[in-house]
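Given next are the chains, with one letter for each unit.
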Amino acid sequence: MTDSNTQYEIDVEHLTYKHSPSASPSLEGVSIKLPKGSRTILVGANGAGKSTLLQILAGKRLILGEETHVNMKGKDVFRNSPPGVTFLGTEWAMNPVVRSDIVVSNFLDSVGGYRHKERRDRLLEILDVDLDWHMHTISDGERRRVQLVMGLMSDWDVLLLDEVTVDLDVLVRDDLLKFLRNDSEIRGATILYATHIFDGLNDFPTHVAHMHLGTFLSQPTPWPIAPGVAATVVSLDQGPRPTLYALALQWLRDDRERRRELEQQGRKKRGAKSDQVPTDSETFYKKYDYSH
């Protein structure tokens, strides 16, 4: 257990968020505390609220509420934004600006690469990036590597990762994870990483956490999970040496069952509908014609 006087690097209390006033909460009553130097894997199904939480922590979505506080490095994210916080998400590679005809070396220099030459060059080697690439001609995976060089070349203190390794081949991903773990251990940097890819992650995290429908079902728990704690965070016995993949798979299975129980109680149901699709073309197109 962490001492009650510990200064948490990420400290969130009573966070509720709606994308619009009429919408159901995407996050509800979220509280999370992460110590400096921790590396937390955030597990949850699509739509659990992981991306929304990371965007709020990065100060990209404004939260108003007297009881809510979102602190990073001891500072309010919205009123006194702390330096040294880096957010890397999947939407970057789709930005038309980074798909334009610009040479990678010029692009990195335009965002200060020359000021971080040592780390930049190390990341260029780890991520196998060619400085002569043109951004508009490379693949999504190669563009993702450029994003990672750009985001990681300065000395970050808190790193928020939202599925940014999804485009990477397994070798580059493994080298990147080793770099991030080493950076975290040497500099005491903190990482919160939402991902759906759990292969090769067993030795990476210090904590694992479980989100479901906008809430935390399991707060950040030290990894590997101690035998005496396992029964409180997962429904089935994972054995003496559980893998992160097996844990995530069981959590997601349990989540699906919880959601289906809610659907039986009136929540909007997913999947196939029971109503019949008309077979004659005129009736079909009248029903689905949106041109008027």
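For the structure, check the block above.
In short, a report on the structure. (Residues numbered from 1 in each chain as written. Predicted model: local features only at pLDDT ≥ 70, side-chain atom pairs only at ≥ 80, totals over all residues. Heavy atoms only, no water.)

Before going further, it helps to spend a moment on the pattern of salt bridges. Pairs may arise between side chains of opposite charge once their charged atoms sit close together. This model, assessed by the stated rule, comprises 21 salt bridges. Two residues, Asp 140 and Arg 143, come together in a salt bridge whose shortest N-O distance is 2.9 Å. Taken together, the residues Asp 140 and Arg 143, both in helix α4 (residues 140–152) and 3 residues apart, mark about one turn of the helix. On the basis of relative accessible area, Asp 140 is assigned to the partly exposed category, the value being 36%. Note on Arg 143: relative accessible area 2%, which makes it buried. The partner of Arg 144 in a salt bridge is Asp 167, with the nearest N and O atoms 2.8 Å apart. (Salt bridge = Lys/Arg side-chain N within 4 Å of Asp/Glu carboxyl O. Helix = DSSP H or I, 4+ residues; strand = E, 2+ residues; numbered from the N terminus. Buried < 20%, exposed > 50% of the residue type's maximum accessible area, 1.4 Å probe, protein only.)

Below, the discussion takes up the sheet that holds strand β2 (residues 27–35). In space, the 4 strands of this open sheet follow the order β2-β1-β4-β5, with antiparallel pairing throughout. Among the strands making up the open sheet, the edge pair consists of β2 and β5 (75–76). In this fold helix α1 (residues 50–57) packs onto β1 (8–17), β2 and β4 (69–72), with an angle of close to 120 degrees to the strand it touches most, β1. (Pairing = 2+ DSSP bridges. Contact = heavy atoms within 4.5 Å. Axes fitted to C-alpha atoms, helices over the stretch in contact; angles between N-to-C directions.)

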